[in-house]
Amino acid sequence: MSSQAGAEAALSRLLGLGITHFVLCPGSRSAPFAYALRELEMRGIITLHVETDERVAGFVALGLGKASGIPAPVITTSGSAVANLHPATVEAFHSGVPFIALTADRPEWMRGSGANQTTNQVGMLGPNLVNQIDVSAEDVVEDPELIDRALQDVWRGPVHLNASFENPLHPTEPSFPVTPEVGSFPAPTGPADDLVAGLIGFKDVSVPVPEGDSEPVLEAGSDLVSEVESGLTPSALDNARTVIVAGPGTPYSEVLRRTGHGQVPVLAEPASIERNYAEAIPAARIVADCVNDEIERVVITGHPTLSRPITSLVCRTDIDIISVTTEPVPTDPGRIARTAPVMPDVPDQTAWLKRLSAAGQRAYEAGRSYLGDELDALQVAAQVADAEGNWFVGASNVIRDIDLLAGSPKATFHANRGLAGIDGTMSTARGMAHHLGPMKVVVGDLTFIHDLGGLILTRGQDEPALDIVIIDDSGGGIFATLEHGDPRFSDTFDRVFRTAKNLDIPTLARACGWEPVVVTSTGELREILAAKPAGRVIVVNCAQEIHHVRQRRRELTSIMIEAARQELAGHTPA
Ligand SMILES: Cc1ncc(C[n+]2csc(CCOP(=O)(O)OP(=O)(O)O)c2C)c(N)n1
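To keep things clear, this report deals only with the structure shown in the data block. Within any chain, residue numbers begin from 1 and follow the written order of that chain's sequence. For a predicted model such as this one, the threshold for reporting local features is a pLDDT of at least 70, and the threshold for listing and counting side-chain atom pairs is 80 or more; totals across whole chains, interfaces and linings nevertheless cover every residue. As a rule here, side-chain values come from all non-hydrogen atoms in the structure, and water together with hydrogens is ignored.

A closer look at the sheet that holds strand β1 (residues 21–24)
Inference 1: Paired strands, in this sense, are two strands between which DSSP finds at least two bridges. Labels follow the DSSP assignment, with helices taken as runs of H or I lasting at least four residues and strands as runs of E lasting at least two, numbered in each case from the N terminus. In spatial order, the strands read β2-β1-β3-β4-β6-β5; together these 6 strands make up an open sheet with parallel pairing. Edge positions in the sheet fall to β2 (47–50) and β5 (131–136), since each has one partner strand and no second. Strand after strand, the sheet turns through a mean of 20° between neighbouring axes, direction not considered.
Inference 2: Taken together, the 2 bridges between β1 and strand β3 (residues 74–76) define a ladder with parallel strand orientation. All axes are obtained by fitting lines to C-alpha atoms, using only the stretch in contact for helices, and the reported angles, taken between N-to-C directions, cover 0 to 180 degrees.

A few points about the pairing of strand β9 (residues 297–301)
Inference 1: Three labels apply to residues, based on accessible area from a 1.4 Å probe with only protein chains included: buried if under 20% of the type maximum, exposed if over 50%, partly exposed otherwise in between. Most of β9 sits inside the fold, with 5 of its 5 residues counted as buried.
Inference 2: Here β9 shows two buried faces, one formed by R297, V299 and T301 and the other by V298 and I300.
Inference 3: Where strand β7 (residues 242–246) meets β9, 5 bridges bridge the pair, whose relative direction is parallel. The residue bridging V245 from the neighbouring strand is I300, located in β9.
Inference 4: Relative to strand β10 (residues 320–324), β9 runs parallel, the two sharing 5 bridges. Counterpart to I300 in the pairing with β10 is S323.

Looking at the nonpolar core
Inference 1: The definition of a nonpolar core used throughout is a set of buried Ala, Val, Leu, Ile, Met, Phe, Trp, Tyr and Cys residues joined through side-chain atoms within 4.5 Å. Among the nonpolar cores identified, the biggest contains 65 residues, and V298 and W391 are the most heavily contacted of them.
Inference 2: The residue makeup of this core includes at least three contributed by each of domain 2 (224–356) and domain 3 (377–543).
Inference 3: Excluding anything up to four places from it in sequence, W391 contacts V384, A411, T412, F413, H414, M439, K440, V441, V442, V469 and L529.
Inference 4: Ranked by size, the runner-up nonpolar core spans 49 residues in total, among them A150, V159, L161 and A163. The start and end points of each domain follow an automatic or database-based domain assignment. When checking whether two residues touch, look at their non-hydrogen atoms; a contact exists if any pair is within 4.5 Å.

Section: the pattern of salt bridges
Inference 1: What counts as a salt bridge is simple: a side-chain nitrogen of Lys or Arg found within 4 Å of a carboxyl oxygen of Asp or Glu. Summed over all chains, the structure comprises 22 salt bridges.
Inference 2: In this structure, R297 engages D320 in a salt bridge whose closest nitrogen and oxygen atoms are separated by 3.2 Å. Linking R297 in strand β9 with D320 in strand β10, this pair joins segments that are 23 residues apart in sequence.
Inference 3: When its relative accessible area of 4% is taken as the criterion, R297 is described as buried.
Inference 4: For D320, a relative accessible area of 21% gives the class partly exposed.
Inference 5: Residue R368 is joined to D386 by a salt bridge in which the shortest nitrogen-to-oxygen separation is 2.5 Å. Placement of the pair is R368 in helix α13 (residues 350–371) and D386 in helix α14 (residues 377–386), with a sequence separation of 18 residues.
Inference 6: Bridged by salt links that share partners, the residues D238, R297, D320 and R338 form one connected network.

Examining the side chain of T89
Inference 1: Within the secondary structure layout, T89 lies in helix α5 (residues 86–95).
Inference 2: Residue class for T89 comes out buried when judged on its relative accessible area of 0%.
Inference 3: Within polar-contact distance, the side chain of T89 engages the backbone oxygen of L85 at 2.7 Å.
Inference 4: Apart from the residues within four sequence positions on either side, T89 is in contact with F99, L125, N128, L129 and P158. In the analysis that follows, any N or O atom pair within 3.5 Å is treated as a polar contact, provided that within protein one partner can donate a hydrogen and the other can accept it, and provided that, for residues neighboring in sequence, both atoms belong to side chains.

Regarding the site of the ligand
Inference 1: Whether a residue is near a molecule or strand depends on its heavy atoms: if one lies within 4 Å, it is near. Taken together, 25 residues lie around the ligand, and E54, S396, T447, G477 and I478 are the ones closest in.
Inference 2: One of the backbone nitrogen or oxygen atoms of G475 is found 3.0 Å away from an oxygen atom of the ligand.
Inference 3: The backbone of G477 places a nitrogen or oxygen atom 2.8 Å from an oxygen atom of the ligand.
Inference 4: In short, Shrake-Rupley with a 1.4 Å probe defines the accessible areas, and a residue's cover is counted only from the protein chains shown. Taking 590 Å² as the accessible area of the ligand by itself, protein coverage stands at 96%.
Inference 5: For the shell around the ligand, the elements supplying multiple residues, two or more each, are α4 (80–83) and α17 (445–450).
Inference 6: Of the residues forming the shell around the ligand, the biggest block, 4 residues, is contributed by α17.
Inference 7: In terms of residue class, the shell around the ligand is made up of 7 nonpolar, 14 polar and 4 charged. Side-chain classes follow a simple rule in which Ala, Val, Leu, Ile, Met, Phe, Trp, Tyr, Cys and Pro form the nonpolar group, Asp, Glu, Lys and Arg form the charged group, and the remainder, Gly included, forms the polar group.

Structural notes on unusual backbone geometry
Inference 1: Note the cis peptide between G126 and P127, where omega equals 0°.
Inference 2: Mapped onto the secondary structure, P127 falls in the loop between β4 (99–105) and β5.
Inference 3: In this structure, the amide linkage connecting N167 to the following residue, P168, adopts the cis form with an omega of -5°.
Inference 4: Here P168 shows up in the loop between β6 (158–164) and α8 (193–196).
Inference 5: Of note, S396 is a non-glycine position whose phi angle comes to about 95°, a positive value.
Inference 6: Positionally, S396 belongs in the loop between β12 (390–393) and α15 (397–405).

Considerations on the sheet that holds strand β15 (residues 466–472)
Inference 1: The 6 strands lie next to each other as β13-β12-β14-β15-β17-β16, forming an open sheet whose pairing is parallel. Since the sheet does not close on itself, it has two edges, and those belong to β13 (412–414) and β16 (515–519), each with one partner. Sheet twist, expressed as the mean angle between neighbouring strand axes with direction ignored, is 20°.
Inference 2: Sheet strands touched by helix α16 (residues 425–436): β12, β13, β14 (439–444) and β15. Its angle to β14, the strand with the most contacts, is close to 165°.
Inference 3: Sheet contacts for helix α20 (residues 522–530): β12, β14, β15, β16 and β17 (536–541); angle to β16, the most-contacted strand, approximately 145°.

Things to note about the packing of α14 against α20
Inference 1: Close contact between α14 and α20 brings their axes to 11 Å; oriented N to C, the two are set at 30°. Comparing their axes, α20 and α14 come out roughly parallel. In this structure, the crossing between α14 and α20 has a hand that is right-handed. For the pair formed by α14 and α20, the contact residues are Q379, V380, Q383 and V384 on the first element and T522, L525, R526 and L529 on the second. Any angle that falls under 35 degrees is termed roughly parallel, while one over 145 is termed roughly antiparallel, one within 65 to 115 roughly perpendicular, and all others oblique. Note on convention: the crossing is left-handed when the near helix lies turned anticlockwise from the far helix by less than a right angle, right-handed when the turn is clockwise.

Shape is all these values report; function is a separate question.
Structural data, given as structure tokens:
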């Protein structure tokens, strides 16, 4: 059953209930709703409101419901986006305003696996709800009236409809072959008994805890468990060709450091401490792609989620995957890993490490020479990758570009990668700066807009110096790198994915007490990035044709893959 069919069936039911205002926030998992809503907007059937910050979107929806008595569903992607609906949900609950949180989720089988942007959304807005349901696209197609049943009491407060979607998330057939009918919103049925009694009809929906999630899957008494847990014998693992895949997560790094490990290649994301280790492979995701067949064991540490090649590597079922974890949700998107409480010692694999390092270095050099002097999002990422000091990096393209373009970084990169939200980025950096000292932040324009409140400083309060670099490519460039950027979806792309804003950032920055700087050349960028943080908002105008940058990213990746392959071909396998 396609996700498209599920989204269209759900929206048809909402139209049937006389609901015609919808508030949409851009995202990837929610794409089936976005395409369907855009289609309904183009056919003149609904009024669509597009917002960036889900907290704002929640309140816009609250206002629509409050004024009309008819709920305006607010649609978000998965992850922390959903949590941002909480303030409006509790207000709707306590003021009895019709409100629908329509949130997209990962399929049930991915939940609890530590996969990107995957969390427990079911129950996240409760208990301040009159009802909540958790359905798949298939459920809705089979029984569309379950939407009506779930919304029976929506006239008196908020309902959470959590809908899970499988890939593909873009349309694969014509949308709405039969134009849906718009009905009228049913009159309230009168106070329900439980409401009169002061009780809320909250229906308990237990969060499914996937099997094998909480317990390590290594059998007690197995070599690895006993050796790892007791004495950390150096020979805990045999000499199978191993890579350590490292994501952000401090406890894991402590574990790594404590036990030490041999000369083993580390495929590390920028925000993991391991990225600054000598064993970290430049252009790791490119190298992972090229040597995938040669890898015999993967040890996962932290929460790596950034790239498709690494994700598919850690999901391989034909090799040994070990997830080193102390956290409740081990990263194991393939649900196949053995888990271990501390890093097992891996025997020295110096020749293998050299082979991968050489390939990574060659890919890195090829990538950097491809970039040239053009001022675009890739150029900013490359220069940040070469910078020094503490950087807080926004989710979306910039962290992925740094991942691709960093050689041996001198800087320490921080990021909110637990759920890869674009919320609270500058605010988190401000908090960290109180401990770490002056910092720099680099974000896309939507990530900046999402956290505008974080720009406003309280009079008389000490704040460590921060510089905020904004890659202004007029909206969510990342969506152009996905299927949604395909020219056949161009009618829809700008409106519901890219969602560019009319915002004069320098004026806004000045109004909030920051010094605005607009960068228009690669040379200027280099100069300003070398300066110490000083309360600046630095706008890098990267508003070239977004599809041009998409093309450049593709060319960059294939040039880097080609370079790595050449190097590997001239190098004897270890
Ligand atoms: C809180 C939250 N809402 C929505 C998303 C989905 N999302 C991921 S990237 C992105 C767009 C980011 O745009 P921008 O900051 O301009 O960076 P660019 O894509 O141009 O690199 C969105 C909306 C998210 N990750 N987190």
